[in-house]
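Single-letter residue listing:
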Amino acid sequence: MSDRLVRGLLGPEGLRASFARVTETARTARALHELYPTAARLLSESLAAGLLVASLQKDHARVNLKLECDGPLRGLFVDASPDGGVRGYVRSPQVQFVGDPAAGAVAALGGAGFLSVIRDLGGGKFYRGQVELRTRTVAGDLERYFTESEQTATAVAIEVAPRGDEPLGGVAGLLLQRLPGADGAALERARARLQAGALREAVAAGAGAQQAIAAVAGGAFELLADLEVAYRCGCSSERARLAVSALGREGIREVLGAEGSATVTCEFCRKRYVIGEDELRELARQLEEQER
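Visitor: Lay out the overall build of the protein in plain terms, naming residues and giving numbers.
Guide: Of regular secondary structure, the protein possesses 10 helices and 13 strands. Taken against the 2.2 N^0.38 rule, which gives 19 Å for 292 residues, the C-alpha radius of gyration of the protein at 21 Å falls within 12% of a compact globule. Dimensions of the protein, computed from C-alpha atoms along their principal axes, come out at roughly 65 × 45 × 35 Å. Buried positions account for 50% of the 292 residues belonging to the protein.

Here is the structure:
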């Protein structure tokens, strides 16, 4: 079953719903970053979380999800767009706790930290909201973000279901929000079903997006979008040159003297860009002209 980002309305219940399946995308991220199981689980959950938030954006405005913590994971970063593109990385890839995977994920985050959501509002404007890590779960603290930073009644659940020897057998998240004017009773009923494991059971059974939404919220679902999800990175040789330019003229000359070339590795996809001696000299020359 392909990874999908689905959003729509449950009109009679007065709910907005977004569902993100990221199973194959999470496995791609695990391979790219050579993640140990606990780190892979947390990044997988965060990829789903980033897409759920991005699904609420207009046009192609991107969303960044940043998690900072004092645990061994140290933190992670996710970049997602409403069209289903997502990418991310963790600060410490080699994190693994034996035993219960969910408990290991909590331990990897440690005792304190913050979850930040940066939303592109368009026109060069951004909104940043931040909450402390209290539940120390990606879904729980994302739900708190909506309640505290955006004052929007929201229920969020993200599930990672193993399948055989594959710990990332199924990875999906569901976000439900109360629509303006709704009384909120349907959201609380859905929240109770989430807490009882309705989404967990749907993901483990390989249910489709609309089946999973129905299992949690019921009612007639009005589909607004059904998009393919994929791990997409926008890095390029030009961006690599811009990164090297940030060293400044003297910094580039130091690299020339010490190494003769510069290597830039993309944090998101691990692709390496080599800026050779001739390119470095040209960058230094351009920077010198700009300084005149």
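Visitor: Give me the lowdown on the environment of Ser149, citing residues and values where you can.
Guide: You can see Ser149 is positioned in helix α4 (residues 138-149). On the basis of relative accessibility, which here comes to 17%, the residue Ser149 falls in the buried class. Separated by 92 residues in the primary sequence, Ser149 and Gln57 place their C-alpha atoms 16 Å from one another. Here Ser149 is in contact with Tyr127, Gly129, Gln130, Val131 and Arg144, once residues within four sequence places are set aside.

Visitor: Which residues make up the sheet that holds strand β9 (residues 166-178), and what are the values?
Guide: Taken together, the five strands give an open sheet; going across it, the order is β8-β9-β2-β1-β10, and neighbouring strands pair in antiparallel fashion. Lying at the two open borders of the sheet, with one neighbouring strand each, are β8 (154-163) and β10 (222-228). The sheet shows a mean angle of 10 degrees between the axes of neighbouring strands, taken without regard to direction. Relative to β9, strand β2 (residues 15-21) runs antiparallel, the two being bridged by seven bridges. In the sheet register, Ala20 faces β9, and the bridge partner there is Gly173. Packed on one face of the sheet, α4 meets β8 and β9 and runs near 165 degrees to β8.

Visitor: How would you explain unusual backbone geometry if you had to name every residue and give the values?
Guide: Across residues other than glycine, the phi torsion is negative in most instances, and most of the peptide bonds are trans. The phi dihedral of Arg74 falls on the positive side, at around 75 degrees, and the residue is not glycine. Structurally, Arg74 is set in the loop between β3 (63-69) and β4 (75-80). For Arg74, a relative accessible area of 38% puts it in the partly exposed group.

Visitor: Tell me what's going on with the packing of helix α8 (residues 237-245) against helix α10 (residues 277-291), and back it up with residues and numbers.
Guide: Close contact between α8 and α10 brings their axes to 11 Å; oriented N to C, the two are set at 60 degrees. The angle between the axes of α8 and α10 places the two elements in the oblique class. Considering the relative orientation of α8 and α10, their crossing is right-handed. Contacts from Arg241, Val244 and Ser245 of α8 reach α10 at Glu279, Leu280, Leu283 and Leu287. Broken down by class, the residue content of the contact of α8 with α10 amounts to four nonpolar, one polar and two charged.

Criteria and thresholds
- Residues numbered from 1 in each chain as written.
- Predicted model: local features only at pLDDT ≥ 70, side-chain atom pairs only at ≥ 80, totals over all residues.
- Heavy atoms only, no water.
- Helix = DSSP H or I, 4+ residues; strand = E, 2+ residues; numbered from the N terminus.
- Rg over C-alpha atoms; globule rule 2.2 N^0.38 Å.
- Buried < 20%, exposed > 50% of the residue type's maximum accessible area, 1.4 Å probe, protein only.
- Contact = heavy atoms within 4.5 Å.
- Pairing = 2+ DSSP bridges.
- Axes fitted to C-alpha atoms, helices over the stretch in contact; angles between N-to-C directions.
- Parallel < 35°, antiparallel > 145°, perpendicular 65-115°, else oblique.
- Left-handed = near helix turned anticlockwise from the far one by under 90°.
- Nonpolar A, V, L, I, M, F, W, Y, C, P; charged D, E, K, R; others polar.

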